[in-house]
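For reference, the chains in residue letters:
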Amino acid sequence: MKKKVTSPSKAAALRRLAKSRLRKLQGHPGRITSDSEVRRLVHELQVHQIELELQNEELKQSAHVARLAVEKFTDLYDFAPIGYFSLDPDGRIMEVNLTGTVMFGIERSGLIQRRFQLFVEEGSRKEFNEFLGKTFKTHRKRACEMRLVKANRSHFWADLEAIVTTPGIGGVSWCRVAVVDISARKHAAEVQLRLEIVAASNRKLEREILQRRKAESALRRSDDESLRLLEESRRLQEQLRNLAHQILRAQEEERKLISRELHDEISQVLVGINVHLSLLRETSVAIPAELRRQFARTQRLVEKSVDIVHEFARKLRPPQLDDLGLIPALRSFLNEFSERTGITVQLKVFAGVESLGNNRRTVLYRVAQEAVINVGKHAQATSMSVSISKVPGAVSMEISDNGKSFAVEETLTIRKNRRLGLVGMRERVEMVGGRFGIESELGKGTTIQILIPFRAGGGGNRARSPGEAPRQPARMDDLQPQVPKS
């Protein structure tokens, strides 16, 4: 049978009724006069006993419910996912749940009555004191974030939310502080910040890559344009070189033609005039002596004119070069140079050089002529030698002197060379496929060496391919094999 549960107000009313009747019985002892009265009293006592038993059962059930509620609250409090701390105005820990003890790595007994500030990072303690003071002052819920310190001295970020409770026993107010470990959130925020920074860097890098690609594209276009202009420049240089070679050939042909005209035509005319003057002077007996002297002076002027014409024709192009060959023409020029300047000149030549074509023999003569003239003008030499020898597949000519040296590279640079002597020699040599080299050393004089192939197509007058380095002045070491000195 289900027991009836009486309320506390009914229990109190029953108690007051029992006390009242007990006083009546005590005030009238011996008043019980009949068995019926006794039975009634016994019945009331039994009823009161049952009521007391019912109340006792109700109290047991209330105690059980209260115990279950306390256990439930304790479980919810201790095993909550956040730390709960009860602090007094000074920050002393009055209560703490198990999660709070786990956060700091200290048992509950080690936390009670210790100041919470001891577990706050030293640099944030002032901030925490201000936070706690404002919480007690305003009685409003407040929150903040700061770094806390565990028992092992490691740090973690925590979110603190505090609110003041109503005064309890003794009229003391506590501050309930909920502590949430947000290290993971902070770490995630830092990671997110790093990701944003990396993303920003990537975007910046992408922009830079795009700009670099544009710059590289522009540079490639510029390189292509530069290569095109370079190739065009090389083509124009080659055309200029070919034009220079054609000019040299045309100049040599003009010299040859003018020299022959001077030697064959004008010289013959002058000689004829001189002969007629002689015949006229001898056949005219009645000519006065003064007129004969005038005839004689005129004949001498005509003879001098013939010599001048011959000299001019020889300078333009010596007739011996075409009529007798390279060796007589070169020997005649060197003898005349030695007599005129006093410089000793030695000539060594092999007879097979005459088998070269007319253009190659002309180049040998012109190079020797220009080199010897330069020695007479600038070298201040006392002796020199001209050696023409045969090497495999080519003819080598070496011209050496004991005069002063000079800067070869600067002299061979067209911009710094106004006379164009050495440059003209090089162009003549390359015109027939040969190679030109020069070396000048202080105290040892200057040596010029050229190599001219026996056959055409020696490679000195070829067009360079794209990307080939521009032509540099040849050095003596570049001309192999070296000329044997005999």
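Model, not experiment: these values are computed from the prediction. (Residues numbered from 1 in each chain as written. Predicted model: local features only at pLDDT ≥ 70, side-chain atom pairs only at ≥ 80, totals over all residues. Heavy atoms only, no water.)

(A) Examining the environment of Lys-150 more closely. By secondary structure assignment, the location of Lys-150 is in the loop between β3 (142-149) and β4 (155-164). Given the relative accessible area of 27%, Lys-150 is considered partly exposed. Not counting residues up to four positions away in its chain, the partners in contact with Lys-150 are Met-103, Phe-104 and Phe-156. (Helix = DSSP H or I, 4+ residues; strand = E, 2+ residues; numbered from the N terminus. Buried < 20%, exposed > 50% of the residue type's maximum accessible area, 1.4 Å probe, protein only. Contact = heavy atoms within 4.5 Å.)

(B) Inspection of the sheet that holds strand β8 (residues 394-401) at higher detail. Spatial strand order, β6-β7-β8-β10-β9: five strands in an open sheet with mixed pairing. Each edge of the sheet is formed by a strand with only one pairing partner; in this case those strands are β6 (344-349) and β9 (435-441). Strand-to-strand twist of the sheet, defined as the mean angle between neighbouring strand axes without regard to direction, takes the value 10°. Across six bridges, the pairing between β6 and strand β7 (residues 383-391) is parallel. (Pairing = 2+ DSSP bridges. Axes fitted to C-alpha atoms, helices over the stretch in contact; angles between N-to-C directions.)

(C) View of helix α10 (residues 358-379). Taking 1.5 Å per residue, 22 residues should reach 32 Å; α10 reaches 30 Å between its end C-alpha atoms and fits that length. Phi turns positive, to about 55°, at Gln-380, one or two residues after α10. (Expected span 1.5 Å × (residues − 1).)

(D) Representation of the nonpolar core. Counting 37 residues, the largest nonpolar core has Val-353, Leu-364, Met-397, Ile-399, Ile-448 and Ile-450 as its most contacted members. If you tally residues by element for this core, the top one is α10, at nine residues. Dropping the residues within four chain positions of it, Ile-399 is found in contact with Val-367, Ala-368, Ala-371, Met-384, Ser-385, Val-386, Thr-446, Thr-447 and Ile-448. Residues Leu-87, Ile-106, Phe-116 and Met-146 belong to the second largest nonpolar core, which totals 26 residues. (Core = buried A, V, L, I, M, F, W, Y, C linked by side-chain atoms within 4.5 Å.)

(E) Looking closely at the sheet that holds strand β2 (residues 93-96). With respect to topology, five strands assemble into an open sheet ordered β2-β1-β5-β4-β3, the strand pairing being antiparallel. Whereas interior strands pair on both sides, the edge strands pair on one side only; in this sheet they are β2 and β3. Direction aside, the axes of adjacent strands within the sheet are offset by 30° on average. Two elements, β3 and β4, share eight bridges in a ladder whose sense is antiparallel. Its bridge partner lying in β4, Val-149 is registered against His-155. The strands that helix α5 (residues 125-138) touches are β1 (83-87), β3, β4 and β5 (175-181); relative to β3, the one it contacts most, it runs at about 150°.

So far we have only geometry, and geometry alone does not tell us how the molecule works.
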